[in-house]
Amino acid sequence: MNLKVIGYWGAYPEPDSATSCYVISDEESKIVLDIGSGALSKLTKYENINKINDIIISHFHYDHFVDIYPLQFNSMIQQNIGKRKEPINIYTPYDPNYSDTMDYKTFTKNIMYNQGPIFDINGFITTFLKTNHVIDSYAVKVKKIGKSIVYTGDTAWSDELVDFSKNADLLICEASLFDGMKGKVEGHLTAGEAGKLANEANVKKLLLTHFPHFGVIELLKKQASKYFKKEIILAEENKTIKL
Ligand SMILES: [Zn+2]
Ligand SMILES: [Zn+2]
């Protein structure tokens, strides 16, 4: 299983980059985790968009889902010119404002999840855990052939998330805040907490992402490394982690 970073900013994209978007793949298929602002352009740069059939949205904040809308036009045009046959499946939580807009004719199809069900998406066994965020938001765990990736989405500290992430081969963890900012922005983790989460969950590797727009990003890694002594990677466009 491989993980590729497409976008990694929190809130909004800096020039020539994107907010949350990651691709999980193996030889057979791919799943996209989140498609925030700026992500579609970068996704089409690094992937054949017509091979992407499944997108999981962690929650309905713009930095995680808003490029679904231009993607709906992409799917429409690609179907019209015969390059795409099927609609794109969009897995989302329920949201009264946005859920209805995820289905678009024959071009995108909404599949709602909550904490309960387990989905088999082309052999990727996918489960969800509600996190500690300002709106309904979910962490996602994807397993295939003995390997597992956990993506936190957006969250503040949660003991349940430690259990959910136990022994993962890779934890993709938000680090929106520098240490010392704990509690300053509701619903997010500091870099030190990301390290603590990785350590307590005994994961093998930690990928820090969902970066703030101030401060020195390298410092996030240093702060996480106080708690997590194994490999820590800072998210970077087109970075691929092989598991
Ligand atoms: Zn976010
Ligand atoms: Zn959010």
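Residues numbered from 1 in each chain as written. Chains lettered and ligands numbered in written order. Predicted model: local features only at pLDDT ≥ 70, side-chain atom pairs only at ≥ 80, totals over all residues. Heavy atoms only, no water.

- The name an unreviewed UniProt entry gives the protein is Ribonuclease BN, tRNA processing enzyme, with Geotoga petraea as the organism.

1. Considering the sheet that holds strand β3 (residues 30-33)
No. 1: The strand order across the open sheet formed by seven strands is β6-β5-β4-β3-β2-β1-β14, and the pairing between neighbours is mixed. Each edge of the open sheet carries a strand with a single partner, namely β6 (108-112) and β14 (240-242). When the angles between neighbouring strand axes are averaged without regard to direction, this sheet yields 20 degrees.
No. 2: Pairing of strand β5 (residues 88-92) with β6, which is carried by five bridges, proceeds in the parallel orientation. Of the residues in β6, the one forming a bridge with I90 is N110.
No. 3: Helix-sheet contacts for helix α1 (residues 39-46) involve β1 (2-7), β2 (21-25) and β3, and the interaxial angle to β1 is about 135 degrees.
No. 4: Its contacts with the sheet place helix α3 (residues 68-80) against β4 (54-56), β5 and β6, and it is angled at close to 160 degrees to β5. (Pairing = 2+ DSSP bridges. Helix = DSSP H or I, 4+ residues; strand = E, 2+ residues; numbered from the N terminus. Axes fitted to C-alpha atoms, helices over the stretch in contact; angles between N-to-C directions. Contact = heavy atoms within 4.5 Å.)

2. Overview of the coordination of the zinc ion (ligand 1)
No. 1: Binding of the zinc ion (ligand 1) to the protein goes through D63 (OD), H64 (NE2), D154 (OD) and H210 (NE2), at separations of 2.1 to 2.2 Å.
No. 2: Around the zinc ion (ligand 1) sit four donor atoms; with metal-centred angles ranging over 91 to 160 degrees, the donor geometry is irregular.
No. 3: Spacing between the donor residues of the zinc ion (ligand 1) along their common chain follows D-H-x89-D-x55-H.
No. 4: Between the zinc ion (ligand 1) and the zinc ion (ligand 2), both coordinated by D154, there is a metal-metal distance of 3.6 Å. Taken together, the residues D63 in helix α2 (residues 62-65) and H210 in the loop between β12 (205-209) and α6 (218-224) connect sequence positions 147 residues apart. (Donors = N, O, S within 2.8 Å, 3.2 Å for Na, K, Ca; no water. Tetrahedral: all angles 85-135°; square planar, octahedral: opposite > 155°, others 65-115°.)

3. Considering the sheet that holds strand β9 (residues 138-144)
No. 1: Pairing is mixed in the open sheet, where seven strands are placed in the order β7-β8-β9-β10-β11-β12-β13. Among the strands making up the open sheet, the edge pair consists of β7 (119-121) and β13 (231-234). Ignoring which end each strand starts from, the neighbouring axes of this sheet average 20 degrees apart.
No. 2: Summarising the sheet, strand β11 (residues 170-174) and β12 pair through four bridges and their orientation is parallel. By the bridge assignment for β12, L171 is matched with L206.
No. 3: Most of the contacts of helix α5 (residues 191-200) go to β11, to which it runs at about 155 degrees, and overall it touches β11 and β12.

4. Side note on the coordination of the zinc ion (ligand 2)
No. 1: For the zinc ion (ligand 2), every protein donor is listed as H59 (NE2), H61 (ND1), H133 (NE2) and D154 (OD), and the spread of their distances is 2.1 to 2.3 Å.
No. 2: The sequence motif formed by the donor residues of the zinc ion (ligand 2) is H-x1-H-x71-H-x20-D.
No. 3: Here H61 falls in the partly exposed class, since its relative accessible area comes to 25%.
No. 4: Classification of D154 by relative accessible area gives buried; the value is 1%. (Buried < 20%, exposed > 50% of the residue type's maximum accessible area, 1.4 Å probe, protein only.)

5. Brief notes about the pairing of β1
No. 1: Counting buried residues along β1, five of its six residues qualify, which places the element largely inside the surrounding structure.
No. 2: Judged from the three bridges that link them, β1 and β14 form a sheet pairing that is antiparallel. Note that in β14 the partner of N2 across the bridge is K242.
No. 3: One ladder, built from five bridges, connects β1 with β2; its direction is antiparallel.

6. What to know about the packing of aromatic side chains
No. 1: Across all of its chains, the model carries 16 aromatic pairs by this definition.
No. 2: For the ring pair Y62 and F65, a centre distance of 6.0 Å and an interplane angle of 40 degrees mean the geometry is tilted. Residue Y62 and its partner F65 are both found in helix α2; the two are separated by three residues, about one turn of the helix.
No. 3: Sitting over the ring of F164, K141 keeps its end group 4.4 Å from the ring centre.
No. 4: For K144, the ring lying beneath its charged end belongs to F124, and the centroid distance is 4.4 Å. (Phe/Tyr/Trp six-rings, centres within 6.5 Å; stacked < 30°, edge-to-face > 60°. Lys NZ or Arg CZ within 6 Å of the ring centre and 35° of its normal.)

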